[in-house]
Amino acid sequence: MKESQMRQPSLGLSIALFALCAFIISMGVLKLGVDAHIPIVICAVIAATVGVVILKKPWSEIEQGALNAIAVALQAIVILMIIGMVIGIWLKSGVVPSLIYYGLSILSPSIFLLATLLICSIVSLATGSSWTTAGTIGVAMMGIAHGLGVPAPVAAGVVISGAYFGDKMSPLSDTTNLAPAVAGSNLFDHIRAMVWSTGPTYILVALICIAFGMKYGGGTLDAAKIDAMQQIMNAEFNIGFLGFIPPLLVIVLAAIKTPAIPGLFSGVVAAALMAFAQGDGLGDIINAMHYGYEAGISSQFASAQGDALMQLISQTGLVNVAPEMAQEVGQTLTDLLTRGGLDSMMWSISLVMCALFFGGVMEACGFLEVIVGSIMKMVKSVGGIMATVIASCFISNLFLGDQYLSIVIPGRMFKVAFEKVNLAPRMLSRALEDAGTLTSPLIPWNTCGAFQSSALGVPTLSYLPYAFLNYLNPLVSILISYMKIGIYWRTSKGEDVVAREYPG
């Protein structure tokens, strides 16, 4: 008994270690400007050293705990690899360009903010990346907003709302895969659970955009830029409604509860068949899956000048497109479309593994159990539990400076607590994304906040009030939890059931 007590860390030691690790990671990411990988590894080493030296934990026990934490995410790692392949081949075959093309067609001056929300949502759902959406289409929307007289902070906030809706709900998003991996749920159960909180929030945000955007509806859209984008994409890709088939296939398979890996890979196969039917060689298709798509005609427009640019416009059959516009749009499309591939996911995969190793060490040494145990003593309801997780995710974003860590660390901290009260793992993964993913761009020194501010040219605190989805979604999530709406329980038979009270 005495030995067992010696191996249990005190609350003070646990909090002190957590604060030290938060300081190290924050300094590395924010002050030194390095990637989070090595600071996280350093924190894992410090935590393991404290475990061995002070708590007398056997190294073998700590190592096994860390490896178990990584093992939990192996399915997500495989999915991330497939997602890289999906993005690469969906670009090569024209799937993503078709979605963007038709998304741009819904623009209307009278509903600019709503259209911006929808277009950014479509692009982000198709690519699974809020950063890519904001840094490309989002930038284009900022230019259009300027021409319409829409304040930049308002436009930026709506761009970010749409971009993070896709980042949160797309099966191609790394955070959408990371959250269920950490919580012990699966991808499509996680997405279905998020509909309860994200669906009502998105409708509310759409209504706000309609009401808020009415006074900006009298401006004139830069239709020439939109037309130029569509013409260049038409010249580079086979644009058509066939491009909707792979995404719809993945959605249908998800709806009938097909496992994530075969469901997503079906999207790869469908797009590969499309590319092959369009005349692409097998080697080009495989390279797109492995290394991603590299823009062709778009990049030519971005780099061509003078007579070469005029000749390129003539060769591609562009109509009523000024050379300067063609070059600007070519650069925008190049930034948007050059991405994807298996290799593109290796940075995210390595970060996930480092973070999970760190979380596993913290858990194996008992630091997380002590902190969570103290918190959970004060929590008496499902709403309280969900609110605590959401608050923890926000605090992690505030102090750790990275959205991945704000998902992994609280996820590892609260996983056992959810099991003890019979809440389904998808409830934890939903809370992790409702706050961990969405609040990250609202903090100026967070990697997401810094990127969005730089890409859109608007200070984080200026666009924050208008990033409606990002701060309303966590509040809606807490509200519906206290109202006992959309609560998934894990029954004794291992099934997830929606009910107001635990069904037994």
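Positions within a chain are numbered from 1, following the residues in the order the chain's sequence is written. Confidence filtering applies because this is a predicted model: local features only for residues at pLDDT of at least 70, side-chain atom pairs given and counted only at 80 or more, and all residues used for totals across whole chains, interfaces and linings. Computation of side-chain values: all heavy atoms of the structure, hydrogens and water removed.

### Here's the deal with the overall build of the chain
Across its full length, the chain carries 26 helices and two strands. Computation of the radius of gyration draws on C-alpha atoms alone. For the globule rule, the value is 2.2 Å times the number of residues to the power 0.38. For the chain, the C-alpha radius of gyration of 24 Å lies close to 23 Å, the compact-globule estimate for 504 residues. The principal-axis extent of the C-alpha atoms belonging to the chain is close to 85 × 50 × 45 Å. Working definition: with a 1.4 Å probe on protein chains only, accessible area under 20% of the residue-type maximum means buried, over 50% means exposed, and in between means partly exposed. Out of the 504 residues belonging to the chain, those deemed buried represent 57%. Of the contacts formed within the chain by residues at least 6 apart in sequence, a portion of 78% connects residues at least 24 apart. Every accessible area reported is derived by Shrake-Rupley at a probe size of 1.4 Å, with residue values counting cover from the shown protein chains alone. For the chain, the accessible surface area stands at approximately 19,800 Å², while carbon and sulfur atoms represent 66% of it. Taking the average location of the 23 positive side-chain charges in the chain and that of its 27 negative ones, the two points are 17 Å from each other. Numbering of helices and strands runs from the N terminus; a helix is a DSSP stretch of H or I covering at least four residues, while a strand is a stretch of E covering at least two. Residue contacts follow a heavy-atom distance rule, with two residues in contact if any of their heavy atoms lie within 4.5 Å. Two residue types count as positive, namely Lys and Arg, and two as negative, namely Asp and Glu; His and chain ends fall outside the count. A charged residue contributes its charge at one atom only: NZ of Lys, CZ of Arg, CG of Asp or CD of Glu.

### Focus on helix H5 (residues 74-92)
Helix span, as expected, comes to 1.5 Å for every residue beyond the first. Spanning 19 residues, H5 covers 28 Å between terminal C-alpha atoms, matching the ideal 27 Å at 1.5 Å per step. Along H5, 15 of the 19 residues are buried, which leaves the element largely enclosed by surrounding structure. Just beyond H5, the residue with positive phi is Gly-94, at close to 90 degrees.

### Points about a nonpolar patch on the surface
Residues Trp-196, Leu-479, Met-483, Ile-485 and Val-498 make up a contiguous nonpolar surface patch of roughly 420 Å² in combined accessible area. Residue placement: Leu-479 occurs in helix H26 (residues 468-482). Patch building starts from residues that exceed 30% relative accessible area and form no salt bridge, then joins like charges within 9 Å and nonpolar side chains (Val, Leu, Ile, Met, Phe, Trp, Tyr) within 5 Å. When a carboxyl oxygen of Asp or Glu is within 4 Å of a side-chain nitrogen of Lys or Arg, the pair counts as a salt bridge.

### Some details on the nonpolar core
Ile-89, Trp-90, Ile-100, Ile-137, Val-150 and Phe-301 are the most contacted members of the largest nonpolar core, which totals 99 residues. The element best represented in this core is H5, accounting for eleven residues. Beyond its immediate chain neighbours, meaning those up to four positions away, Val-150 contacts Phe-112, Leu-113, Ala-145, Ala-155 and Tyr-216. Core analysis: the next-biggest nonpolar cluster, separate from the first, contains 65 residues, Ala-44, Leu-178, Val-361 and Ile-371 among them. Among buried residues, those of type Ala, Val, Leu, Ile, Met, Phe, Trp, Tyr and Cys that are joined through side-chain atoms within 4.5 Å constitute a nonpolar core.

### Quick word on the pattern of salt bridges
Scanning all chains against the criterion turns up eleven salt bridges. With its nearest N and O atoms 2.7 Å apart, the salt bridge here joins Arg-192 to Asp-189. Of the two residues, Arg-192 and Asp-189 both sit in helix H11 (residues 187-213), three residues apart, roughly one turn of that helix. Judged by its relative accessible area of 15%, Asp-189 is buried. Look at the salt bridges and you will find they share partners, linking Asp-189, Arg-192, Arg-426, Arg-490 and Asp-496 into a network.

### Description of helix H12 (residues 223-236)
Between its first and last C-alpha, H12 extends 20 Å over 14 residues, near the 20 Å set by a 1.5 Å rise per residue. For H12, every residue scored as buried is listed here: Lys-225, Ile-226, Ala-228, Met-229, Gln-230, Gln-231, Ile-232, Met-233 and Glu-236.

### A look at the packing of helix H19 (residues 346-364) against helix H22 (residues 403-420)
The geometry of H19 relative to H22 is characterised by a closest axis approach of 10 Å and an angle of 35 degrees between their N-to-C directions. Remark: the crossing between H19 and H22 carries right-handed chirality. Within the contact between the two elements, H19 uses Trp-347, Ser-348, Leu-351, Ala-355, Leu-356, Phe-358, Gly-359 and Glu-363 and H22 uses Tyr-404, Leu-405, Val-408, Ile-409, Arg-412 and Val-416. Ten residues, namely Ala, Val, Leu, Ile, Met, Phe, Trp, Tyr, Cys and Pro, are considered nonpolar, four, namely Asp, Glu, Lys and Arg, are considered charged, and the remaining ones, Gly among them, are considered polar. Its residues assigned to classes, the contact of H19 with H22 shows ten nonpolar, two polar and two charged. Where helices are involved, their axes are fitted lines through C-alpha atoms of the stretch in contact, as for all axes, and angles between N-to-C directions lie from 0 to 180°. Crossing handedness: left-handed means the near helix sits turned counterclockwise from the far one by under a right angle, and right-handed means the same turn made clockwise.

### Section: the packing of aromatic side chains
What describes a pair of aromatic rings is the distance from one ring centre to the other and the angle between the planes of the rings. Here a Phe, Tyr or Trp ring, Trp counted by its six-membered ring, pairs with any other such ring whose centre lies within 6.5 Å, and the pair is stacked when the planes are under 30 degrees apart, edge-to-face when over 60, and tilted otherwise. Overall, the coordinates contain eleven aromatic pairs when judged by the stated rule. Connected via pairs of aromatic rings, a cluster forms that spans Tyr-101, Tyr-102, Phe-241 and Phe-244. Put simply, a charge is over a ring when the Lys NZ or the Arg CZ is close to the ring centre, within 6 Å, and near the line of the ring normal, within 35 degrees. Above the ring of Tyr-488, the side-chain terminus of Arg-426 is found at 4.2 Å from the ring centroid.

### Looking at the confidence of the model for the chain
Looking at any residue, its pLDDT shows the predictor's confidence there, from 0 to 100. In the predicted model, the chain carries a mean pLDDT of 86, and the fraction of residues at 70 or more is 96%. Of all the helices and strands in the chain, helix H1 (residues 2-6) carries the lowest mean pLDDT, 46, while H26 carries the highest, 96. Counted against residues more than four places away or in other chains, residues 1-6, with its pLDDT under 50, gives two contacts.

### Some remarks on the environment of Ala-126
Along the chain, Ala-126 falls in helix H7 (residues 112-127). Here Ala-126 falls in the buried class, since its relative accessible area comes to 4%. Considered as a pair, Ala-126 and Leu-99 are 27 residues apart in the sequence and their alpha carbons are 7.3 Å apart. Once residues lying within four places of it in the same chain are set aside, the contact partners of Ala-126 are Trp-90, Val-96, Leu-99 and Leu-172.

### Digging into the environment of Ala-364
In this structure, Ala-364 sits in helix H19. For Ala-364, a relative accessible area of 17% puts it in the buried group. Between the C-alpha atoms of Ala-364 and Gly-51, which are 313 residues apart in sequence, the distance is 8.7 Å. Leave out the neighbours within four places in its chain, and Ala-364 touches Lys-57, Glu-61, Ile-62 and Gly-65.

### Topic: the packing of helix H6 (residues 95-104) against H7
One way to put it is that H6 packs onto H7 with a least axis distance of 9 Å and a crossing angle of 175 degrees. Considering their axes alone, H6 and H7 lie roughly antiparallel with respect to each other. The segment H6 lies against H7, with Val-96, Leu-99, Ile-100, Gly-103 and Leu-104 engaging Ile-119, Ile-122, Val-123, Ala-126 and Thr-127. Residues belonging to the contact of H6 with H7 are distributed by class as follows: eight nonpolar, two polar and no charged. Angle categories: roughly parallel below 35 degrees, roughly antiparallel above 145, roughly perpendicular from 65 to 115, and oblique for all the rest.

### Side note on unusual backbone geometry
Not every positive phi belongs to a glycine, and Asn-320 is a case in point at roughly 55 degrees. Inspection of the secondary structure puts Asn-320 in the loop between helix H17 (306-316) and helix H18 (323-337). Even without a glycine there, the phi angle at Asn-422 is positive, about 65 degrees. Here Asn-422 is to be found in the loop between H22 and helix H23 (425-437). On the accessibility criterion, Asn-422 (27% relative accessible area) is partly exposed.

### Some thoughts on the environment of Gly-292
Secondary-structure assignment places Gly-292 in the loop between helix H15 (282-291) and helix H16 (297-303). Judged by its relative accessible area of 14%, Gly-292 falls in the buried class. In this structure the C-alpha to C-alpha distance between Gly-292 and Ser-121, which are 171 residues apart in sequence, comes to 22 Å. Once residues within four sequence positions are removed from consideration, Gly-292 is found in contact with Gly-88, Asn-287, Arg-339, Gly-340 and Gly-341.

### Thoughts on the state of the cysteines
Two cysteine sulfurs form what is called a disulfide whenever their separation falls within 2.5 Å. Throughout the structure, instances matching the rule amount to zero disulfides. Left without a disulfide partner, Cys-209 is nearest to the cysteine sulfur of Cys-120, which lies 10 Å away. For Cys-209, a relative accessible area of 3% corresponds to the buried category.

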